[in-house]
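Observations on the three-dimensional arrangement
Residue-level listing of the chains:
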Amino acid sequence: MTEAILLVGGKGTRLRPLTVHTPKPMVPAAGVPFLTHQLARARAAGVEHIVLATSYLAEVFEPYFGDGSALGLHLEYVTEEEPLGTGGAIRNVASRLHSGPDDPVLIFNGDILTGLDIRALVDTHESTGADISLHLTKVTDPRAYGLVPTDDTGRVLAFLEKPQTPEEIVTDQINAGAYVFRRSVIDTIPQGRPVSVERETFPDLLSAGAHLQGMVDSTYWLDLGTPAAFVRGSADLVLGRAPSPAVPGRCGDRLVLPTATVAADAKLSGGTVVGEGAFVAEGARVFGSTILPGAVIEPGAVITDSLIGTRARVGERSVLTGTVIGDGAIIGPDNELRDGARIWCDAQIPAGAVRFSSDQ
């Protein structure tokens, strides 16, 4: 297997304001764009040619990754003028594939951090003679996902999108967002219109008697669709809980990029990342958070499970928990921001303007 398609066209609306200026796959996780981790893991599994299906802020990808040679890959880019959904995006890039009709083509969603054994998924696909093979994982609460029940041999029985009632929850196996397609199956997807593989392609193929195979792989898996999940995924990469050959340094409690500056008495822990050119001042404490390039954390600030955008500034003694600060935003001294707060790009919060406790 030498080919893959990476679906990186989504707008990342659940991640805003992180994605106002940056497409979701290009937001840094553990010091490099998240997409770098996916590309590196695909290469480690033997993939050589990858087509990136782009749409939102498509112009950002190629200047960064070029032809892929720095990663040992051959990369191509195809841009959707209008969003086509997962199936439409796959069909839209089919002309760039070199595989024969029966060859396997690996397909990844661009927002999943996983320890999936890619070679095992391809081996399962080939040994079972499947038309499509799906990576499945088990979750405790499957209501936000698509359920995929299988028989004793792993053959897929149905696709149940986002069940809500207890009766609908017939399995804890969910579609984990990585597939192997028989190349010829890609050509059966309708062209030039939006298509969802989850809601249209897979159910239609199942109804037509196609062989869809599931492989349960319960290694690390995380959907990075929300700010809290993205911050956690980055920390897990730094801590070594999530595997990636692309982390730019040793796994450990912190990752400080070469041009960042951290005061001697500042405390960093929990998989914190301090990006290029960022500054963490004396007495600051940062746990499990991502400080993007050029951001400034002033003396005495306390930041937990948060993401601080590029060139943003957090003022002295401000306390941030579970917060996302957009690029260029300024949080004045003595503010408190709690779980779920999102400060938009270039916004300014005056000193002591937002609090959850007394200022004394």
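Per chain, residues are indexed from 1 in the order of the written sequence. With pLDDT at 70 or above as the cut-off, local features in this predicted model cover only qualifying residues; side-chain atom pairs require 80 or more to be listed or tallied, and sums for whole chains, interfaces and linings still use all residues. Note that water and hydrogens are dropped before the side-chain values are worked out from all heavy atoms of the structure.

Describing the nonpolar core
The cut-off we apply is this: Buried Ala, Val, Leu, Ile, Met, Phe, Trp, Tyr and Cys residues form a nonpolar core when they are joined through side-chain atoms within 4.5 Å. Using a 1.4 Å probe on the protein chains alone, a residue whose accessible area is under 20% of its type maximum counts as buried, one over 50% counts as exposed, and one in between counts as partly exposed. In this description a helix means any DSSP run of H or I spanning at least four residues, a strand means any run of E spanning at least two, and both kinds are numbered starting from the N terminus. Note on contacts: a residue pair qualifies if any of its non-hydrogen atoms lie within 4.5 Å across the two residues.
Ranked by size, the top nonpolar core spans 29 residues in total, and within it Ile5, Ile90, Leu134, Phe181, Phe202 and Leu212 carry the most contacts. Counting residues per element, the ones that place at least two in this core are strand S1 (3-7), strand S4 (49-54), helix H3 (85-92), strand S6 (104-109), strand S8 (132-138), strand S11 (173-182), helix H5 (183-186) and helix H6 (197-207). When sequence neighbours within four positions are dropped, the list of residues in contact with Ile90 reads Ile5, Leu7, Ile107, Phe181, Ile186, Ile189 and Val197. Counting 25 residues, the second-largest nonpolar core is a separate cluster that includes Ala42, Leu73, Leu106 and Ala178.

As for helix H1 (residues 34-44)
Along H1, nine of the 11 residues are buried, which leaves the element largely enclosed by surrounding structure. Every buried residue belonging to H1 is among Phe34, Leu35, Thr36, His37, Gln38, Leu39, Ala40, Arg41 and Ala42, and all of these are buried. Backbone geometry just downstream of H1 places Gly46 in the positive-phi region, at approximately 100 degrees.

Examining the layout of surface pockets
Empty space among the atoms can be located by rolling a probe the size of a water molecule over them. To keep it simple, the criterion reads: A 1.4 Å probe that fits into a set of points on a 1 Å grid over the protein atoms alone but cannot get out defines a cavity; an open set with protein on both sides within 12 Å along at least five of seven lines defines a pocket, and lining residues are those with an atom within 4 Å of a point. Grid points are joined across faces, edges and corners, and a volume is the space filled by probe spheres set on the points. Polarity classes work like this: nonpolar for Ala, Val, Leu, Ile, Met, Phe, Trp, Tyr, Cys and Pro, charged for Asp, Glu, Lys and Arg, and polar for all others, with Gly in that last group.
One number sums up the size of the largest pocket: a volume of about 1300 Å³. What lines the largest pocket is a set of 45 residues, and nearest its centre among them are Arg14, Lys24, Asn109, Asp111 and Asp223. At the level of secondary structure, the elements contributing two or more residues to the lining of the largest pocket comprise H3, S11, H6, strand S13 (221-223) and helix H7 (227-239). In terms of residue count, S11 provides more of the lining of the largest pocket than any other element does, four residues in total. Of the residues in the lining of the largest pocket, the class split is 19 nonpolar, 15 polar and 11 charged.

Remarks on the sheet that holds strand S18 (residues 279-280)
This is how the line gets drawn: In short, DSSP must find at least two bridges between two strands for them to pair.
Here six strands make up an open sheet; going across it, the order is S15-S18-S21-S24-S27-S30 and the pairing parallel. Across the chains shown, the open sheet's two edge strands, defined by having one partner strand only, are strand S15 (261-262) and strand S30 (348-349). Here strand S27 (residues 330-331) pairs with S30 via two bridges, running parallel. By the bridge assignment for S30, Ile330 is matched with Gln348.

Description of the packing of aromatic side chains
The condition is simple: In summary, the pairing rule links any two rings of Phe, Tyr or Trp, Trp by its six-membered ring, whose centres are within 6.5 Å, and it sorts them by plane angle into stacked for under 30 degrees, edge-to-face for over 60 and tilted for everything else.
Throughout the structure, instances matching the rule amount to seven aromatic pairs. Relative to Phe181, the ring of Tyr179 lies with its centre 6.3 Å away and its plane at 75 degrees, an arrangement referred to as edge-to-face. Phe181 carries the same exposure label as Tyr179, and that label is buried. Here Tyr179 and Phe202 contribute two aromatic rings whose centre-to-centre distance is 5.1 Å and whose plane-to-plane angle is 75 degrees, an arrangement assigned as edge-to-face. Of this pair, Tyr179 sits in strand S11 while Phe202 sits in helix H6, and the two are 23 residues apart along the sequence. Its relative accessible area of 1% is what places Tyr179 among the buried residues. For Phe202, a relative accessible area of 0% corresponds to the buried category. Put simply, the rings of Phe159, Tyr179, Phe181 and Phe202 touch in pairs and so form one group of aromatic residues.

Comments concerning the domain arrangement of the protein chain
Put simply, the rule is: Where each domain starts and ends comes from a domain assignment, either automatic or drawn from a database. Computed with a 1.4 Å rolling probe, the buried area is the accessible surface lost when two parts are put together, summed over both parts. Put simply, a salt bridge is a Lys or Arg side-chain nitrogen that is within 4 Å of an Asp or Glu carboxyl oxygen. Under this definition, polar contacts are N or O atom pairs within 3.5 Å; protein pairs additionally need one hydrogen-donor-capable and one acceptor-capable atom, and for neighbouring residues in sequence, both atoms have to be side-chain atoms.
Here the domain parsing of the protein chain yields domain 1 (2-223) and domain 2 (253-349). Just the C-alpha atoms count here: the centres of domain 1 and domain 2 sit 33 Å apart. On the domain 2 side, the residues contacting the 11 residues of domain 1 number 13 residues. Across the domain 1 to domain 2 interface the summed buried area is about 950 Å²; carbon plus sulfur atoms make up 69%. Between the two partners, domain 1 and domain 2, sit zero salt bridges. In this structure, the connection of domain 1 to domain 2 is made through two residue pairs in polar contact (both at pLDDT 80 or more).

What to know about the pattern of salt bridges
Inspection of the entire model under this criterion finds 13 salt bridges. Residue Asp111 pairs with Lys24 through a salt bridge whose shortest N-O separation is 3.0 Å. Taken together, the residues span a long stretch of sequence, with Asp111 in the loop between S6 and strand S7 (112-114) and Lys24 in the loop between S1 and strand S2 (28-29) at a distance of 87 residues. As far as burial versus exposure is concerned, Asp111 and Lys24 are alike and both buried. Ionic pairing is found between Arg317 and Glu316, a salt bridge with its closest N-O pair at 3.4 Å. Relative accessible area serves as the criterion here: at 43%, Arg317 is assigned to the partly exposed category. What you see here is one network of salt bridges that share partners, running through Asp102, Asp131 and Arg182.

Side note on unusual backbone geometry
The peptide bond linking Arg16 to Pro17 adopts the cis configuration, its omega dihedral lying at 15 degrees. Although it is not a glycine, Leu57 adopts a positive phi angle of roughly 50 degrees. Although it is not a glycine, Asp334 sits at a positive phi angle of roughly 60 degrees. Position of Asp334 among the secondary structure elements: in the loop between S27 and strand S28 (336-337).

Some words on the UniProt feature "domain: Nucleotidyl transferase" (unreviewed entry) in the protein chain
To keep it simple, the criterion reads: UniProt positions are given in the numbering used here, feature names are shortened, and annotations may be inferred rather than shown by experiment.
Under the present numbering, the feature "domain: Nucleotidyl transferase" (unreviewed entry) in UniProt falls on residues 4-236. Between the C-alpha atoms that bound residues 4-236 there is a distance of 25 Å. The span itself is 26% helix and 25% strand.

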